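# Structure assessment
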Amino acid sequence: QQQVKQSPQSLIVQKGGISIINCAYENTAFDYFPWYQQFPGKGPALLIAIRPDVSEKKEGRFTISFNKSAKQFSLHIMDSQPGDSATYFCAASTGSRLTFGEGTQLTVNP
Amino acid sequence: NAGVTQTPKFRVLKTGQSMTLLCAQDMNHEYMYWYRQDPGMGLRLIHYSVGEGTTAKGEVPDGYNVSRLKKQNFLLGLESAAPSQTSVYFCASSRGQSVEQYFGPGTRLTVT
């Protein structure tokens, strides 16, 4: 049973567009919500993370929006670039353990 | 500074065979993790370690064993491989209880 559900499974956007990936969770004990980015043949790498007492966090073109009451959070990639093409995973942590979503394969067409 | 390295990169096993995957990190991290990645299922935690000599079960521990004899190394063992263990295995490490985990490049394992 997936405790963190992610959608969509795949996403195609045009260069310069906005990419939006959504996640929902059940366990209210989760205390931190990171997003990881994975390029083909590589391990995932931390992209950005947010605490549940913050509604939004922005780092460059990447923004996390967090809705605690709905138990949902999302990643927005502004001005998407072909170099952003990768698989994105949301996650939720309890202590040192991360629970990952299913992943979203993003393709940004030039 | 190599970060997190994994050995081997690829391996094919027959059902019932055993093998050990080696993970090494040179960042002096206390915490280390083993995940498996399967299509449509994200990454699932197999076992983890919060320090030398300590290990704990994750989400999908059955069929796997681990050992952390040295701080920099974390071994994942399959005693009797099954086709259901065909997957990509990732090792990760972190400085204490942190959401920033550093991942290795992965080991692609096929069990026939």
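These notes cover the structure that comes with them.

Cut-off values and rules
Residues numbered from 1 in each chain as written. Chains lettered and ligands numbered in written order. Predicted model: local features only at pLDDT ≥ 70, side-chain atom pairs only at ≥ 80, totals over all residues. Heavy atoms only, no water. Helix = DSSP H or I, 4+ residues; strand = E, 2+ residues; numbered from the N terminus. Buried < 20%, exposed > 50% of the residue type's maximum accessible area, 1.4 Å probe, protein only. Contact = heavy atoms within 4.5 Å. Areas by Shrake-Rupley, 256 points an atom, 1.4 Å probe, with all protein chains shown as cover. Disulfide = S-S within 2.5 Å. Pairing = 2+ DSSP bridges. Axes fitted to C-alpha atoms, helices over the stretch in contact; angles between N-to-C directions. Buried area = accessible area lost by both parts, 1.4 Å probe. Salt bridge = Lys/Arg side-chain N within 4 Å of Asp/Glu carboxyl O. Polar contact = N/O pair within 3.5 Å; in protein donor to acceptor, adjacent residues only side chain to side chain.

This part covers the overall build of chain B. The helix and strand inventory of chain B stands at zero helices and eleven strands. Traced from its N-terminal end to its C-terminal end, chain B shows the element sequence β-β-β-β-β-β-β-β-β-β-β. Oriented by its inertia axes, the alpha-carbon framework of chain B measures out at about 35 × 30 × 25 Å. Counting the 112 residues in chain B, one finds 51% classified as buried. Counted over contacts in chain B with a minimum sequence separation of 6, partners at least 24 positions apart contribute 54%. Only carbon and sulfur atoms are counted for the fraction: they give 51% of the accessible area of chain B, which is about 5,300 Å².

Counted under the stated rule, the structure contains two disulfides over all chains. One disulfide bridge connects Cys23 of chain A with Cys90 of chain A, the sulfur atoms lying 1.9 Å from each other. Linking Cys23 of chain A and Cys90 of chain A, the disulfide has an S-S dihedral of approximately -95° and is accordingly described as left-handed. With Cys23 of chain A in strand 3 (residues 19–25) and Cys90 of chain A in strand 9 (residues 86–94), the pair connects residues that are 67 residues apart, well separated along the chain. The exposure classification of Cys23 of chain A matches that of Cys90 of chain A, with both residues buried. Cys23 of chain B shares a disulfide with Cys91 of chain B; S-S distance 1.8 Å. Taking the sign of the torsion about the S-S bond as the criterion, the disulfide between Cys23 of chain B and Cys91 of chain B, at about -75°, is left-handed. Within this pair, whereas Cys23 of chain B is found in strand 3 (residues 19–25), its partner Cys91 of chain B is found in strand 9 (residues 87–94), the two being separated by 68 residues in sequence. The class for Cys23 of chain B is buried, based on a relative accessible area of 0%. By relative accessible area, which is 0% here, Cys91 of chain B ends up buried.

Residue and element names in this part refer to chain A. On the basis of which strands lie adjacent, the open sheet formed by five strands has the order 1-3-8-7-6 and antiparallel pairing. A strand with exactly one partner marks an edge of an open sheet, and here the two such strands are strand 1 (4–7) and strand 6 (56–59). For this sheet, the mean angle separating the axes of adjacent strands, direction not counted, is 15°. In terms of strand pairing, strand 6 meets strand 7 (residues 62–67) through four bridges, oriented antiparallel. Note that in strand 7 the partner of Lys57 across the bridge is Ile64.

Quick look at the interface of chain B and chain A now. Each partner contributes to the interface: chain B provides 22 residues, whereas chain A provides 21 residues. Of the roughly 1,600 Å² buried at the junction of chain B and chain A (both faces included), carbon and sulfur atoms supply 58%. If you sort the residues of chain B by the area they bury against chain A, Leu43, Val99 and Phe103 of chain B come out on top, with a joint share of 34%. Taken together, chain B and chain A are joined by zero salt bridges. At the surface where chain B touches chain A, the tally comes to four residue pairs in polar contact (both at pLDDT 80 or more). The set of elements that each furnish at least two residues to the side of chain B that touches chain A consists of strand 4 (31–38) and strand 5 (42–51) of chain B.

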